[in-house]
Amino acid sequence: MKKYSTLFLAASVTFALAGCASTTGNTSTTATASPVPSVQQAVTPEVEMPMAVQNGKITLKQVMADPQWIGALPTDMGWSVDGSKIVFEREKQDSALSDVYIADINTPNEAVKAPLSDLHKYRFDERVVRNDGVIAFAFEDSVFIQFTNGKTVQLTRGGNSLSNLSFMTDGRLMALSGNRFVAINLETGTREELLSWEFADEPKAVEPAEDYIAQEQHTLIQYIALQRKNRLEKEDAEQVLAQSNVSVAPAPFYFDKSHRLAGISVSPAGNYAVVATTESKPNRDDSDIMPHYIQEDSRIAAKSVRQRVADAEPVNHELWLLNLKTGEKSALNYFSLPGYNDDVLASVKTENAKANGESYEVNRLPRPITLLQSWYWTKPSIRWHKNGEAVAVMLEAWDNKDRWIATVNLENKSLENQHRLHDDAWVNYRFNAFDWLNNSETLYFQSEHSGYAHLYLQTPGEKPVALTSGQYIVDDITLSPDDNYLYFKANIEHPGLYEIYRADLSDKSIETMTDLNGMTDYVLSPDGSQLVLSHSKVNKPAELYVKPAQEAVAAAQITQSTSDTFNALPWAVPKVVAIPSSHTDAPIYARVYLPENYDSKTSNKAVVFNHGAGYLQNAHLGWSGYFREYMFHSMLVQQGYVVLDMDYRASAGYGRDWRTAIYRQMGTPEVQDLRDGVNWLVDNANVDRARIGTYGGSYGGFLTFMSMFTAPDLFAAGAALRPVTDWAHYNTPYTANILNTPDIDPIAYERSSPIYFAEGLQKPLLINAPMVDDNVFFHDTVRLVQRLIELEKENFETAIYPVEPHGFVQPSSWLDEYRRIYKLFEENL
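Everything numeric in this text was worked out from a predicted model, so none of it was measured.

A. Representation of the pairing of strand β2 (residues 75–79) in the model. Examined bridge by bridge, β2 and strand β3 (residues 85–91) share three bridges and lie antiparallel to one another. Residue pairing in the sheet places W79 in a bridge with I86 of β3.

The structure is reproduced here in structure tokens:
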């Protein structure tokens with residue numbers, strides 16, 4: 001294991017590539033590196049060569065078949081409840097179901113199927129550990145307790161489910177059950193209700209008189225006065241009994257009946273809770289439906305779908321501190337958060353108002369603020385320290401421009417800001433991990449404020465301390481049980497090469513845990529002693545490895561999963577190149593696939609692939625999530641094509657500035673980068689500029705449209721798959737980050753949506769659209785096709801897929817789609 005200081009780490013990034021992959025050029029690994037000028041100077045990924053390479057022909061029929069033919073690949077790696085066994089899954093042959101496999105840490109190569117009777121020991125839903133080593137875990141409808149002597153007891157089976165498991169400072173198990181938190185003594189079985197809540201008007205024994213005649217009724221009629229007196233006395237007696245006798249559960253906390261729960265967490269000490277509530281309103285309209293034409297009854301089903309960003313309304317969370325001992329409920333306002341009332345969209349609103357012949361005045365009203373809700377975790381962004389005496393919350397502005405980490409002053413009942421992350425574009429929805437160290441009231445968290453996602457420690461009230469720095473991305477954070485290390489995944493040595501590292505919290509140094517050269521993920525064992533790893537090469541799907549966390553030994557491979565058929569085919573090994581950019585100082589990293597027997601003097605045809613998701617990285621040195629596309633590209637290469645796969649601006653892995661280049665102008669920087677890519681192909685791979693096609697799905701389909709519509713000279717033909725045509729119809733969480741919302745920033749939507757540029761189509765265009773797509777609606781394609789018809793365009797065709805969602809499922813659909821794409825290129829390139 002290599003160990004070096006953070007300072008040296010940041011300085012070493014510029015030359016570390018030479019140690020991780022074979023290369024013949026001075027290829028820098030930073031985002032501001034001097035670009036590589038030619039194919040010969042590109043990075044050739046370290047790959048695993050097939051065991052029995054044959055002169056086989058790669059066919060669409062094979063590539064688009066059910067991917068089970070590739071092999072029984074391991075997925076969902078993890079550890080057993082007791083940490084003694086590695087656990088993973090493999091899909092059953094000719095089935096959509098999977099089997100669970102287990103392997104002893106001492107004999108990791110000897111994996112066996114887990115018996116169904118013991119499955120709860122390996123595929124649990126939750127797992128928490130008490131200070132003395134007692135483990136509580138949940139599986140399906142049950143909760144189990146494993147004691148330190150190895151004995152496992154089933155605590156519940158069915159009934160009211162228990163979730164959000166945690167251990168309290170007094171050793172009891174705390175869990176959420178319906179609308180209440182309960183504490184269970186594992187030694188005696190005693191169950192105590194700690195907290196319950198209702199969204200309703202708080203019941204009162206008597207109500208004040210509403211008007212004059214009611215007041216007179218209370219005064220004149222002795223019967224009414226007596227009934228009111230009796231109810232008051234009964235209420236008082238019940239309160240005295242509750243305070244004096246432990247047999248009475250605490251009264252519920254009442255919240256606005258028009259609200260709902262947005263987040264809740266109870267202190268391990270059982271004395272406080274932090275609750276977030278929000279207005280209860282529909283998140284979709286009755287008209288948000290999608291027809292599904294192929295049904296068992298041969299009728300048409302109307303499927304409910306998400307709301308469009310055009311219909312989105314601001315959301316605000318009200319934050320509360322509950323004193324569970326006294327019953328006091330205190331509002332935690334946001335006034336202490338710096339920028340809570342900044343008019344961060346003033347310039348955007350001014351620009352849009354001016355376009356309408358109007359003016360805009362700055363508004364300093366409080367902004368809607370919520371708990372940060374991430375796609376990467378399920379628990380609310382409320383974190384109690386294990387000692388129960390400190391709590392932190394992560395908050396975000398609904399306008400996506402600010403994220404705060406604040407602690408709660410339990411005595412003053414107020415928020416105290418610890419860290420504000422502001423971004424004039426948008427705060428990244430990734431890289432927001434945060435929590436407390438186990439043994440000290442110290443926060444650790446990720447932040448992108450330096451321009452790259454890095455790791456920080458902070459004692460509340462003091463400045464954050466950076467554990468990592470440099471032009472690379474830190475992700476997937478795990479704290480070791482002993483508080484000595486923070487493990488993470490990062491692309492330190494090259495933007496497309498991800499290894500596992502750990503930060504030593506005692507001396508702030510960084511230690512390299514793996515040197516596998518590709519794409520690596522990990523799961524730390526419960527005791528912190530072992531790492532199970534998933535590692536892939538550019539031409540090889542992920543296999544599992546294992547290594548001790550404390551020893552300087554190489555990771556050992558423990559699975560070998562690909563089929564003989566897969567291993568025998570001559571898969572392409574693309575080079576990773578750094579293409580000069582005409583618009584930034586940073587290069588555009590890309591995979592370039594060269595045809596067999598490549599001759600730089602031969603005039604070549606080429607295909608440019610546009611990856612989906614927008615914020616995704618595909619020019620890396622591991623197995624791509626776009627594995628069918630990778631295999632299709634290998635087939636094209638075998639037939640003499642050059643293929644280019646670019647991480648255009650907006651792609652992940654290259655820092656904040658690369659990510660936010662598309663703010664309010666989606667489709668502009670990316671097309672500029674595609675032009676640089678085309679120029680590079682012409683200059684460095686002897687590609688004929690008139691014989692270049694492009695294709696991509698989802699965001700890649702959108703980008704195909706934008707290039708074909710706004711830069712018609714760029715490509716000879718294009719295929720847009722499951723494409724976005726009008727961003728106002730896409731979802732709110734993704735789109736509002738980049739384009740704000742249509743009611744505030746229509747300029748950004750009209751500047752970024754292909755449907756406004758359809759008149760620019762000049763070259764052949766294929767549109768492939770799944771009809772059961774609840775991500776990018778089929779409606780997107782329908783509206784664009786109608787627009788093309790009205791524009792009297794002749795050179796487009798549309799293929800529809802009646803049973804397919806956004807990600808195709810049927811091999812026949814995949815095959816049909818790619819036959820059409822291949823035919824488009826063969827006929828036009």
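From this point, the discussion proceeds with the structure in view.
B. Highlighting the pattern of salt bridges. If you walk through the whole model with that rule in mind, you get 38 salt bridges. R130 is the salt-bridge partner of D132, the closest N and O atoms lying 2.9 Å from each other. Taking relative accessible area as the criterion, R130 reaches 13% and is therefore assigned buried. Residue R656 is joined to D657 by a salt bridge in which the shortest nitrogen-to-oxygen separation is 3.0 Å. For D657, a relative accessible area of 56% translates into the label exposed.

C. Just the packing of helix α3 (residues 212–220) against helix α4 (residues 222–244), in detail. With their axes 5 Å apart at the nearest point, α3 and α4 run at an angle of 90° to one another. When the axes of α3 and α4 are compared, the pair comes out roughly perpendicular. In contact with Q217, H218 and L220 of α3, α4 contributes Q222, I224, A225 and R228. Taken together, the residues of the contact of α3 with α4 sort by class into three nonpolar, three polar and one charged.

D. Representation of the sheet that holds strand β27 (residues 443–447) within the structure. Read from one edge of the open sheet, four strands run β26-β27-β28-β29, paired in antiparallel fashion. Since the sheet does not close on itself, it has two edges, and those belong to β26 (434–436) and β29 (465–466), each with one partner. As defined by bridge partners, β27 adjoins strand β28 (residues 454–458) across five bridges and the pair is classed as antiparallel. Paired with Y444 across the two strands is L457, which belongs to β28.

E. Quick look at the nonpolar core. Among the nonpolar cores identified, the biggest contains 78 residues, and M666, L681 and W727 are the most heavily contacted of them. For this core, the element with the highest residue contribution is helix α10 (residues 699–710), accounting for seven residues. Excluding anything up to four places from it in sequence, W727 contacts V309, M666, Y699, F702, Y734, T735, L739, Y749, S752 and S753.

F. Local environment of the sheet that holds strand β5 (residues 112–113). Taking strand neighbours across the sheet as the criterion, the four strands line up as β2-β3-β4-β5 in an open arrangement whose pairing is antiparallel. Lying at the two open borders of the sheet, with one neighbouring strand each, are β2 and β5.

G. Spatial organisation of a nonpolar patch on the surface. A surface patch of nonpolar side chains, amounting to about 380 Å² of accessible area, comprises Y293, I294, I300 and V803. Among the secondary structure elements, I300 is positioned in the loop between β17 (289–292) and β18 (301–304).

H. Layout of the packing of aromatic side chains. Evaluated as defined, the whole model comprises 37 aromatic pairs. Summarising the aromatic geometry, the rings of W623 and Y630 are spaced 5.3 Å apart at their centres and angled 65° between planes, so their arrangement reads as edge-to-face. Of the two residues, W623 and Y630, neither departs from the other in class, the shared state being buried. Aromatic side chains F632 and Y695 sit 5.8 Å apart centroid to centroid with 85° between the ring planes, which places their arrangement in the edge-to-face category. You can see F632 sitting in helix α7 (residues 627–638) and its partner Y695 sitting in strand β42 (residues 687–697), a full 63 residues away along the chain. Here the two residues F632 and Y695 agree in accessibility, since each one is buried. By way of ring pairs, the aromatic residues F609, Y626, F632, Y695, Y801, F808, W814, Y818 and F825 are connected into one cluster. The ring of F808 carries R722 above its face, with NZ or CZ at 6.0 Å from the centroid.

I. Quick look at the environment of F715. Tracing the backbone shows F715 in the loop between α10 and β43 (717–721). The exposure class of F715 is buried, given its relative accessible area of 1%.

Conventions we followed
Residues numbered from 1 in each chain as written. Predicted model: local features only at pLDDT ≥ 70, side-chain atom pairs only at ≥ 80, totals over all residues. Heavy atoms only, no water. Pairing = 2+ DSSP bridges. Helix = DSSP H or I, 4+ residues; strand = E, 2+ residues; numbered from the N terminus. Salt bridge = Lys/Arg side-chain N within 4 Å of Asp/Glu carboxyl O. Buried < 20%, exposed > 50% of the residue type's maximum accessible area, 1.4 Å probe, protein only. Axes fitted to C-alpha atoms, helices over the stretch in contact; angles between N-to-C directions. Parallel < 35°, antiparallel > 145°, perpendicular 65-115°, else oblique. Contact = heavy atoms within 4.5 Å. Nonpolar A, V, L, I, M, F, W, Y, C, P; charged D, E, K, R; others polar. Core = buried A, V, L, I, M, F, W, Y, C linked by side-chain atoms within 4.5 Å. Patch = residues over 30% accessible without salt bridge, like charges linked within 9 Å, V, L, I, M, F, W, Y side chains within 5 Å. Areas by Shrake-Rupley, 256 points an atom, 1.4 Å probe, with all protein chains shown as cover. Phe/Tyr/Trp six-rings, centres within 6.5 Å; stacked < 30°, edge-to-face > 60°. Lys NZ or Arg CZ within 6 Å of the ring centre and 35° of its normal.

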